[in-house]
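Chains, contacts and geometry: an overview
As a plain string of letters, each chain reads:
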Amino acid sequence: MKDTKKSTKKIDTVRVNLKSESNFKFEDILSSSDVDGREYAIKGKDVTLNILENTKAYIIGLVETSRRFNVPPKKNRTKKKIESIGLLVDEGLAYANIFVYDKSKRILMYEVNKNGCYIDHFIEFVYKCCSLKSSEFKEIDIEVEAVLSVDGFNKILNMSVKKSIEFKIARPSEIVSLYNDKHGAVAENVRIAVATHSDRVSAKFEVMMTGQAKHEGKNLAIKPVGVILSQLTQLMVGEHRANLEKLEVVGYEEDSEDNKLSAIDLVSDRYKKYIKLDEPRDNSDLLEGQRKKEIKELYQKCKTDFNAMFKD
């Protein structure tokens, strides 16, 4: 019997917003021959999607990532010798990300694996698949937004007046390329931070309020705040997630009787879930069966939360 260890895998939960001139749905794209079974190079790795189960309510898929370059060496602990693993030209180290996509709620629960494919890279893979001349999914725009905890979701949903929004980003030079073609407060602050050789950038946008301001409805402008939230929640689910240290919204909740401010940190108040895998010391496959079982069971447990938060 092989040695195994119990491994905990974090699951990111996001909501997929798809815009297309032909009103395609995200599940249409995932299950199409343009995407399912295709392989493309993304960020120096070969990425493939395989649909494992497709029902009326959900899709379960496995994202396979193969690393063929800059492969680390192996080390013999007894001989204290480091040497090449000895991969052939067509071979690579394989990693997996399991996911489940709820069709009616547009919710994607996606395994985090730093050696595999992050959500932002997965979306890039989908775009690349849809760029084929034969694809019918050319005119599409895909955005993902992080799902909050149930309490956090209810707070921000009931926050009729947003008094301030504040964000803090570490090591802006690592992410500046993500904002090359973007405008708005986040992109501008990141570019200024890099130009001034700053190691950290923070910004806070706030409206001043009198005692009656809550009832007068003084509020931050919705559209610019929406751009800030959109750009930073994209960062939250990608390779550079650790660079976003803070994203806090402060305001008044509609039903609050004490007129006190409420604060939500969208970084720490995420919808956090995990799955567990029995991983052998020397893997011969990607544990597809275990991964599928675990993500399916987790999804079934979370459906009550999703139904409570998202009515459409």
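Higher on the page you've got the structure.
Residues numbered from 1 in each chain as written. Predicted model: local features only at pLDDT ≥ 70, side-chain atom pairs only at ≥ 80, totals over all residues. Heavy atoms only, no water.

1. Here we look at the pattern of salt bridges
The criterion, for reference: Here, a salt bridge means any side-chain nitrogen of Lys or Arg that lies within 4 Å of a carboxyl oxygen of Asp or Glu. Only DSSP runs of H or I with at least four residues qualify as helices, and only runs of E with at least two residues qualify as strands; both kinds are numbered from the N terminus onward. The buried label applies to any residue whose accessible area, calculated with a 1.4 Å probe on protein chains only, is under 20% of its type's maximum; exposed applies above 50%, and partly exposed to all values in between.
The tally for this structure, following the rule as stated, stands at 15 salt bridges. The partner of lysine 6 in a salt bridge is aspartate 278, and the shortest N-O contact between them spans 3.0 Å. Of this pair, lysine 6 sits in strand β1 (residues 4-20) while aspartate 278 sits in strand β14 (residues 273-280), and the two are 272 residues apart along the sequence. Judged by relative accessible area, which is 53%, lysine 6 ranks as exposed. For the salt bridge of arginine 171 with glutamate 174, the shortest nitrogen-to-oxygen distance reads 3.3 Å. Given the relative accessible area of 36%, arginine 171 is considered partly exposed. Residue classification places glutamate 174 among the partly exposed positions, given a relative accessible area of 38%.

2. Regarding helix α3 (residues 150-157)
Given 3.6 residues per turn, any residue in an α-helix points the same way as the ones three and four places further on. The following threshold applies: An arc is given here, and it is the one of the directions from the helix axis to the C-beta atoms. Should any heavy atoms of two residues lie within 4.5 Å, those residues are counted as being in contact.
All buried positions along α3 are accounted for by Gly152, Phe153 and Ile156. The arc enclosing the buried residues of α3, seen along the axis, measures out at 100 degrees, which places them on a common side. Check the buried side of α3 and you find it contacts β10 (159-170), β13 (262-265) and α7 (288-309).

3. Let's talk about the pairing of strand β9 (residues 140-146)
Note the following rule: Paired strands are those between which DSSP finds at least two bridges.
Residues Ile140, Ile142, Val144 and Ala146 point to one face of β9 and are all buried, whereas Asp141, Glu143 and Glu145, pointing to the other face, are not buried. One ladder, built from seven bridges, connects β1 with β9; its direction is antiparallel. Paired with lysine 19 across the bridge in β9 is aspartate 141.

4. Notes on the nonpolar core
The criterion, for reference: Buried residues of nine kinds, namely Ala, Val, Leu, Ile, Met, Phe, Trp, Tyr and Cys, make up a nonpolar core once their side-chain atoms join them within 4.5 Å.
One finds Phe99, Met109, Phe122, Phe125 and Leu232 to be the most contacted residues of the largest nonpolar core, which totals 81 residues. With seven residues, the single largest contributor to this core is helix α2 (residues 119-130). Aside from chain neighbours lying at most four places away, what touches phenylalanine 99 is Leu30, Leu49, Ile59, Ile60, Gly61, Leu62, Val63, Leu108, Met109, Tyr110, Phe122 and Ile295.

So yeah, pure geometry; function would need other evidence.
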